[in-house]
Amino acid sequence: MSLELKNLQISIDNKIIIDDLSLTVKPGEVHVIMGPNGSGKSTLANAVFGHPKYTIGVGKVIVDKNDVTKKSPDKKAQAGLFLSMQYAPEIPGVTVAHFIRVATAAMTHENKNPFEFHEELKKMMKQLGMDTSFATRYLNTGFSGGEKKRTEILQLLMLKPTYAILDETDSGLDVDALRIVGAGINAFHSSKTGLILITHYNRLLEYVVPDFVHIMVKGKIIKSSGKELAKEIEKEGYKKFL
Ligand SMILES: Nc1ncnc2c1ncn2[C@@H]1O[C@H](COP(=O)(O)OP(=O)(O)O)[C@@H](O)[C@H]1O
Ligand SMILES: [Mg+2]
């Protein structure tokens, strides 16, 4: 069992952004991808999830032996993959509760009892320090940066995927929000779930301890090591890797 990114070549408008990138994430593992702006971290996340702007020309995305490379985002979700986006879209007209309910039903093929669903939603919202009135707001519409990030973690906790890729879930959060988001990620993480955290900073890693840290520069993973690599980057920056 694992999420395998195999020899991926990813392009946008025929321009190759990522070439020959491979990464394997096993349940129980936390991987962190760090790298300077523009190195292709969001491109990787978006392409893996099937954003139409990004083309996977070569390589495979395999979720627990299931080749989902060419599958639609909802099929990928059914296979157990979750993605948070660095820039979450606003969906006016669709409430947070409705969005999560439909997404959960699509993923699990089971229609949970609405009462149980709302009870669980409320419980998770409390855990994330969210006012329950948020459930009836339109998804991301008028949300602050921190509110969007908490909503992502709420989706993660409700959808319970096997593998999640979180793109800069920590950006723009104040210390309290960061702690809560960190706790939310830890609540999701278990020996049965694998995580890829994409981040600029070490801050989130005070809460979520990684097993592997990868440095991505110009569309390639140029170094992989343990959590001490994140500390090294914090101290010395990326200069010596460029
Ligand atoms: N939608 C897009 N259209 C054109 N170029 C893009 C698009 N998204 C990303 N790029 C380019 O791909 C490269 C990698 O960007 P990105 O994946 O956002 O980097 P990161 O997330 O590491 O900061 C950059 O050169 C960026 O300009
Ligand atoms: Mg990015």
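Keep in mind it's a predicted model, so treat the numbers as computed, not measured. (Residues numbered from 1 in each chain as written. Chains lettered and ligands numbered in written order. Predicted model: local features only at pLDDT ≥ 70, side-chain atom pairs only at ≥ 80, totals over all residues.)

Undergrad: In this structure, what is going on with the overall build of the protein? I would like to understand it.
TA: Along its length, the protein carries 7 helices and 12 strands. The C-alpha radius of gyration of the protein comes to 17 Å, within 12% of the 18 Å expected for a compact globule of 242 residues. Principal axes of the C-alpha set define a box for the protein whose edges measure 50 × 40 × 35 Å. (Helix = DSSP H or I, 4+ residues; strand = E, 2+ residues; numbered from the N terminus. Rg over C-alpha atoms; globule rule 2.2 N^0.38 Å.)

Undergrad: Looking at this structure, I do not really get the site of ligand 1. What am I missing?
TA: Neighbouring residues of ligand 1: Ile12, Ile17, Gly35, Asn37, Gly38, Ser39, Gly40, Lys41, Ser42, Thr43 and Lys53. It is helix H1 (residues 41–49) that contributes the most residues to the shell around ligand 1, 3 residues altogether. Tallied by class, residues from the shell around ligand 1 come to 2 nonpolar, 7 polar and 2 charged. (Near = placed C-beta within 6 Å. Nonpolar A, V, L, I, M, F, W, Y, C, P; charged D, E, K, R; others polar.)

Undergrad: What is the right way to look at the packing of helix H3 (residues 96–108) against helix H5 (residues 145–159) in this model?
TA: Helix-helix packing is described using two parameters, namely the angle between the two axes and the distance between the axes. Taken N-terminus to C-terminus, the directions of H3 and H5 make an angle of 35°; their axes are 10 Å apart at the nearest point. In terms of crossing hand, the pair formed by H3 and H5 is right-handed. Only Thr151, Gln155, Met158 and Leu159 of H5 make contact with H3, whose side of the interface consists of Val96, Ile100, Ala103, Thr104 and Met107. (Axes fitted to C-alpha atoms, helices over the stretch in contact; angles between N-to-C directions. Left-handed = near helix turned anticlockwise from the far one by under 90°. Contact = placed C-beta atoms within 7 Å.)

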